[in-house]
Amino acid sequence: MADYTQILLDVADGVATLTLNRPHKMNAYTRTMMTEIIDAFDRTDADDSVRAVIVTGAGDRAFCAGADLTPDDGARPFSDPTEVPLNDVKVRDGGGYCTLRIFNSKKPVIGAINGAAVGIGATMQLPMDFRLASTSARFGFVFARRGIVPEAASSWFLPRIVGMSQALEWCMTGRVFGAEEALAGGLVRSLHAPEDLLPAAHALAREIADNTSAVSVAMTRAMLWRNSATPHPMHAHRVDSRAIYQLSRGADAKEGVASFLEKRAPAYPGRVSSDMPGFYPWWEEPGWE
């Protein structure tokens, strides 16, 4: 779909597959990869034919082995050596650009974690809605062992997914752990033999694409991610009420009822690009400052 150099993006039958594509460097993360991932999510959001996005890594060794510590251009791996004020945009963490863009996706995101996932390779997954892992996958929030701290907004995402105690243990020890521990700790949904991983991810994507309204899924994704972080259920009640009121009067609701009563597969006409409720987005996106 685009002339990317460090990722691949393929769309087929309503499912986009985004592949981190630096297998010679275990798909290590760079600024170029960051900008290409962001662009890919801009494309999938704008394409009404895309109903779900799968993210995986090229090769059989790694999903993403973290930031590239030996960049080809010889630059410093973590930061520009120039000292700037802390509110300067140069201070912004590149992993956070990526995870915030995934967080704002209008399409469900499925991680197919096919190998080593360390550092940004682990934190990049956190705003994905589902994480399926190969039995050979390994994970590591290794920042304390590198003299830095968790990034990519993972201090917000990780405790929400696995709980505070588990998040603290993984981040404070910085150890690399296997797929079974990731499953037991709630980081991943399911484990699969390497050859079964992508088929399982596609099966989940198909279940969404074949049976649900794109508008309903986009709203549900935004509501669950955002409303669960509000301080009182009344905030969620306000959004729920407005969403039900508007969507129940729309063409997708009519089709949902008709297809159920007629015992047939639905054909929802709604499009995320044009048919989201009038009050969407209901939140004010915070800026960097």
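Conventions used here
Residues numbered from 1 in each chain as written. Predicted model: local features only at pLDDT ≥ 70, side-chain atom pairs only at ≥ 80, totals over all residues. Heavy atoms only, no water. Pairing = 2+ DSSP bridges. Helix = DSSP H or I, 4+ residues; strand = E, 2+ residues; numbered from the N terminus. Axes fitted to C-alpha atoms, helices over the stretch in contact; angles between N-to-C directions. Parallel < 35°, antiparallel > 145°, perpendicular 65-115°, else oblique. Contact = heavy atoms within 4.5 Å. Nonpolar A, V, L, I, M, F, W, Y, C, P; charged D, E, K, R; others polar.

Student: For this particular structure, what's the right way to read the sheet that holds strand E3 (residues 52-57)?
Tutor: What links the strands of a sheet is backbone hydrogen bonding, and the strands pair in either a parallel or an antiparallel sense. Ordered by their spatial adjacency, six strands build an open sheet running E1-E2-E3-E5-E7-E10, and the pairing between neighbours is mixed. Each edge of the open sheet carries a strand with a single partner, namely strand E1 (7-12) and strand E10 (190-192). For this sheet, the mean inter-axis angle between neighbouring strands, taken without regard to orientation, is 20°. The pairing of strand E7 (residues 130-134) with E10 spans three bridges and is classified as parallel. Looking at the pairing, Leu-132 lines up with Ser-190 of E10.

Student: Is there a simple way to explain the packing of helix H8 (residues 214-227) against helix H9 (residues 233-247) in this structure?
Tutor: Two measures define how a pair of helices packs: the angle their axes make with one another and the distance between the axes. Taken N-terminus to C-terminus, the directions of H8 and H9 make an angle of 175°; their axes are 11 Å apart at the nearest point. By the angle between their directions, the pair H8 and H9 is classed as roughly antiparallel. Together, Val-215, Met-219, Met-223 and Asn-227 of H8 and Ala-236, Val-239, Asp-240, Ala-243 and Leu-247 of H9 make up the contact between the two elements. Of the residues in the contact of H8 with H9, the class split is seven nonpolar, one polar and one charged.

Student: Help me understand the sheet that holds strand E4 (residues 62-64), please; the structure alone is not making it clear to me.
Tutor: Spatially, four strands are ordered E4-E6-E8-E9 in an open sheet, and the strand pairing comes out mixed. Lying at the two open borders of the sheet, with one neighbouring strand each, are E4 and strand E9 (176-178). Shown here is a sheet whose adjacent strand axes are inclined to one another by a mean of 20°, direction ignored. Judged from the two bridges that link them, E4 and strand E6 (residues 116-118) form a sheet pairing that is parallel. By the bridge assignment for E6, Cys-64 is matched with Ala-117.

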